[in-house]
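The lines below spell out each chain.
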Amino acid sequence: MIKAFIFDLDGVVVDTVGYHFDSWIKLAHSLGFKLNDDIKEKLKGINRMTSLDIVLAHGGITASQAEKIEYAKQKNDWYLESIASMNDDIILDGVKEFLISTQKEKLKIAVGSASGNARKVLSKTSIYSKFDIIKDSNDAKHSKPHPEVFLKAAEALSVDPSEAIIFEDSAKGVDAAKAGGFKCVGIGSADILTDADIVMDNLTHITADIIVKLLS
Ligand code: BG6
Ligand code: MG
């Protein structure tokens, strides 16, 4: 029996993927190289330091641990600056209505995110209070595709992975969901989210009861 939905944040609940990527582009530029669009997909779903390693490798840059911490901080400062004046406009289409339908089904609702800014970002919106539990990279040692953050969210909701459905827009996040024993709805392209149980473009025109029926 499905008792909970656990949502990834960036790219599923809020439209922040572009802001993250623009901040990485800025960092790359400050270090003297360009980031191509083809790296964007690779940066989805993984935590900041893991993303930084990918970005630096792309630019052929070797950095000390102290430099990496400084670069990650700089990227995050730019990211936070770019979302500073955000409000409900950042919520992706269909999400508000979908959360309402989830509540109607009496399902518990959580976030399981690779970001360290999940609470900060959600607190800019009116949907913050809809989430019973928020778990992000501050709560998990391992980055997706490790299932830790989803398992922590399920545990905090007192549900078994078999009783929860994950919503994810990244391949790494789908892998994390499957590794944790969860069913997974992919949000995005079926060509990329190949291991998701079902894939949809977004959460418009769908309600929680239909998802439960499809994945039960
Ligand atoms: C993930 C995003 O949710 O969080 C990544 O998909 C991002 O793009 C990662 O890099 C880490 O986010 P933050 O906010 O801790 O830098
Ligand atoms: Mg995401």
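Look above for the structure.
Notes on the structure follow.

Each value, and the rule that gives it
Residues numbered from 1 in each chain as written. Chains lettered and ligands numbered in written order. Predicted model: local features only at pLDDT ≥ 70, side-chain atom pairs only at ≥ 80, totals over all residues. Heavy atoms only, no water. Donors = N, O, S within 2.8 Å, 3.2 Å for Na, K, Ca; no water. Buried < 20%, exposed > 50% of the residue type's maximum accessible area, 1.4 Å probe, protein only. Pairing = 2+ DSSP bridges. Helix = DSSP H or I, 4+ residues; strand = E, 2+ residues; numbered from the N terminus. Axes fitted to C-alpha atoms, helices over the stretch in contact; angles between N-to-C directions. Contact = heavy atoms within 4.5 Å.

**Focus on the coordination of the magnesium ion (ligand 2)**
Ideal values differ by geometry: the angle at a metal is 109.5 degrees with four tetrahedral donors, but 90 or 180 degrees with six octahedral donors. At the metal site, the magnesium ion (ligand 2) is ligated by D8 (OD), D10 (O) and D169 (OD), and these contacts range over 2.0 to 2.1 Å. Every donor residue of the magnesium ion (ligand 2) comes from the same chain, spaced as D-x1-D-x158-D. Of the residues examined, D10 reaches a relative accessible area of 14% and is grouped as buried.

**A short note on the sheet that holds strand β3 (residues 133–135)**
What the 6 strands build is an open sheet, ordered β3-β2-β1-β4-β5-β6; its pairing is parallel. This sheet does not close on itself; its edge strands, each paired only once, are β3 and β6 (198–200). Each strand axis lies, on average, 20° off the axis of its neighbour in the sheet, ignoring direction. Note: strand β2 (residues 108–112) against β3, 3 bridges, orientation parallel. Directly across from A110, in β3, lies its bridge partner I133. Across the sheet, helix α7 (residues 171–179) touches β4 (164–168) and β5 (183–187), and the angle it forms with β5 is around 170°.

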